[in-house]
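# Close look at the chain arrangement
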Amino acid sequence: MNFILKGKLKYYTKESTKILLMVGIAFGFVSGMLFIKYKPVYAVTLGDENVGYIENIEEFEKDVENNVINYTAKNVESVEIKETPKYELTFVNRGEKTNEQEIIIAMQKDMDITYKYYEIALEDEVVDSVDTKEQAEKIVSELKQGDENIDLTITEKTTKNLEEVKTAELEIAKSNISTRIEEKEMEGAVAVVEGIKFANVPVTGRISSRYGEVSRIRSSTHTGLDIVASTGTPISVVADGTVICAEYSGAYGNLVKVSHGNGVETWYAHTSKMYVKVGQEVKAGDVIAAVGSTGNSTGAHLHFEIRINGKHVNPQNYMYN
Ligand SMILES: [Zn+2]
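Residues numbered from 1 in each chain as written. Predicted model: local features only at pLDDT ≥ 70, side-chain atom pairs only at ≥ 80, totals over all residues.

### Section: the overall build of the chain
Secondary structure assignment for the chain yields five helices and 20 strands. Here the chain has a C-alpha radius of gyration of 44 Å; the compact-globule value for 321 residues is 20 Å, and the former is much larger. Referenced to the eigenvectors of the C-alpha coordinate spread, the extents of the chain come out at roughly 155 × 45 × 25 Å. Taking all 321 residues of the chain together, 22% fall into the buried category. (Helix = DSSP H or I, 4+ residues; strand = E, 2+ residues; numbered from the N terminus. Rg over C-alpha atoms; globule rule 2.2 N^0.38 Å. Buried ≥ 20, exposed ≤ 12 C-beta atoms within 10 Å, placed from the backbone.)

### Section: the nonpolar core
Within the largest apolar cluster, 32 residues are counted, with the highest numbers of intra-cluster contacts made by Ile235, Val256, Tyr268, Val276, Ile288, Ala289 and Leu302. If you list the elements that add at least two residues to this core, you get strand 8 (191–193), strand 9 (196–198), strand 11 (225–228), strand 13 (241–248), strand 14 (254–261), strand 15 (264–271), strand 18 (287–290) and strand 19 (301–308). When residues in this core are grouped by element, the largest group, four residues, is from strand 15. Tyr117, Ile120, Ala173 and Ile177 belong to the second largest nonpolar core, which has 10 residues in total. (Core = buried A, V, L, I, M, F, W, Y, C linked by C-beta atoms within 7 Å.)

### With respect to the sheet that holds strand 18
On the basis of which strands lie adjacent, the open sheet formed by three strands has the order 12-18-16 and antiparallel pairing. Strand pairing shows two members of the sheet lacking a second neighbour, strand 12 (234–236) and strand 16 (273–274), which therefore form its edges. Pairing of strand 16 with strand 18 involves two bridges; the strand directions are antiparallel. Following the sheet pairing, Met274 is matched in strand 18 by Ala289. (Pairing = 2+ DSSP bridges.)

### Points about the sheet that holds strand 4 (residues 86–93)
Spatial strand order, 2-1-4: three strands in an open sheet with antiparallel pairing. Strands with a single pairing partner mark the edges of an open sheet, and in this sheet they are strand 2 (49–54) and strand 4. Taken over all neighbouring pairs, the strand axes of this sheet differ in orientation by 35° on average, direction set aside. The sheet contact formed by strand 1 (residues 38–46) and strand 4 spans eight bridges and is antiparallel. Within strand 4, the residue paired with Ala43 across the bridge is Glu88. The sheet contacts of helix 3 (residues 100–109) involve strand 1 and strand 2, and relative to strand 2 the element is tilted by about 140°. (Axes fitted to C-alpha atoms, helices over the stretch in contact; angles between N-to-C directions. Contact = placed C-beta atoms within 7 Å.)

Fair warning: the whole summary comes from geometry, so function is off the table for now.
In structure tokens:
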């Protein structure tokens, strides 16, 4: 009994090996035929859309990495792909061409780009923006060499909208910002004479004699502006500078002269009191003297003169209009 069963089993094993072999040969033959006519590729889908075929997933992913995910261009901060490609093995005619390149381009068109740029603000007012942090830092450090107290800040901004990226070239941005700094410095000026900011008038009052007027109490035309104010009225220096004269000076009476740089001087005459000394640094608005009637004067007033490179000019070309 045992013996007979073993013999049968042997027979069946032999038979099944034969069948398996034949099936194997047939399968090999058919698949061989198939491989002559067809080749295996991967169908690629993005979202629900079939976008083409690729030959090698690994190489394709490498291309996606280099050309889409790591896409670099001006102002590009990061890139996200909206749809991750999905692959499915399939067979196409050997003559059929795969289209890796087209799929990459389609993915580039559909990617979600975040742009970045750098805003430079002057006292919280955005003045300009540039492409890189290095450019922004260069501008700020160069402008701070002129005045380290300038309040300039750099802010990194990101946007998905390329339209919002309105950056300027380095030199243009720098000049825009320095122009704005100058404008800001001049804000509130009552006059700007040769680049010198006159922050205030020396006294307020009625003008009793204008520049260039001829009067019988003077031998020549008037070299300044006379402003009427009562004796003792404080006289404020109009701009930052250095006192270069504070003494009685003939027809001018008690005369204070202040030099502001750029060849600009302001003179304050007929004063009753002088509160400053030669060599003293003064700030715009500082009280330097008091209105009086010393020297060639018929009543209390301030005779105010502006001199540019030694020559008197009409103060009303700049102020008291
Ligand atoms: Zn005068």
